[in-house]
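Residue-level listing of the chains:
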Amino acid sequence: MTGTPSRSTDSASGPAARRSDASRSAILAAARERFAADGYERATIRAIAKDAHIDPSMVMRYFGSKDGLFAAAVTLDLRMADVSQVPPTEVGRALVGHFLDIWEANEELTAVLRVAVTNKAGAERLQGIFRDQVVPVARRVCPDPEQVATRAGLCAAQLMGLALTRYVVRLPPVVALAREEIEAWLGPTVQRYLTAPSP
């Protein structure tokens, strides 16, 4: 005996799933605009929900916290320069200068760093940024292909350490450094991580 075909629909493609996707998209769009306008600290879940015409509890349901929402909403392209045109001995300084350009012009990178300290989603986002945009630089100039990940990680430690002390903690001696001084101090260190023989 043939049973009556089920009227249930696949939850992954049914109307409820489409409503869920639309709600998430609306929240993310509102969050990007609100974070850009107000910054991370002043943006609130309530304001983002209001902009998206969604109950605040739905924001929490989808993203868990403001940190989680920020990590999902913010996409950063560090627009890494083509280092093939930079002399191999100057790549470290160029990398430091490039990150200074980004941090000085875009608060989102600093905000991601702040979130990454305490939030898993934020940490994963920051890891992705460096994996996708710093590792290729290291791969281009590193003398040993097997050390690319390690050397890129050391570069990231220097660059994120600079960002943390200059833009988040705002350690006075680091804040007081002029851009040229930072490049002169950190450039050779990052260069050593990239191209020096393995110790």
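Keep in mind the model is a prediction, meaning the values are calculated, not measured. (Residues numbered from 1 in each chain as written. Predicted model: local features only at pLDDT ≥ 70, side-chain atom pairs only at ≥ 80, totals over all residues. Heavy atoms only, no water.)

Q: Explain the nonpolar core to me, please; I cannot follow it from the model alone.
A: Residues I27 and L69 are the most contacted members of the largest nonpolar core, which totals 56 residues. For this core, the leading source of residues is helix 9 (residues 148-168), giving eight residues. (Core = buried A, V, L, I, M, F, W, Y, C linked by side-chain atoms within 4.5 Å. Buried < 20%, exposed > 50% of the residue type's maximum accessible area, 1.4 Å probe, protein only. Helix = DSSP H or I, 4+ residues; strand = E, 2+ residues; numbered from the N terminus.)

Q: It is not clear to me how the confidence of the model for the chain should be interpreted in this structure. Could you clarify?
A: Where the model shows low pLDDT, its predicted coordinates should not be examined in detail. Looking at the chain, pLDDT values average 84 and 86% of them are 70 or higher. Ranking the elements of the chain by mean pLDDT puts helix 6 (residues 107-116) last, at 74, and helix 10 (residues 172-175) first, at 97. Counted against residues more than four places away or in other chains, residues 4-11, with its pLDDT under 50, gives three contacts. (pLDDT = per-residue confidence, 0-100. Contact = heavy atoms within 4.5 Å.)

Q: Looking at this structure, I do not really get the packing of helix 5 (residues 91-105) against helix 9. What am I missing?
A: Working note: a packed helix pair is described by the angle between its axes plus the distance between those axes. At a minimum axis separation of 11 Å, helix 5 and helix 9 run at an interaxial angle of 35 degrees. Relative to helix 9, helix 5 is oriented so that their crossing is right-handed. Here helix 5 contributes L95, V96, F99, L100, W103 and E104 to the contact with helix 9, which in turn contributes L159, M160, L162, A163, R166 and Y167. Residue composition of the contact of helix 5 with helix 9, grouped by class: ten nonpolar, no polar and two charged. (Axes fitted to C-alpha atoms, helices over the stretch in contact; angles between N-to-C directions. Left-handed = near helix turned anticlockwise from the far one by under 90°. Nonpolar A, V, L, I, M, F, W, Y, C, P; charged D, E, K, R; others polar.)

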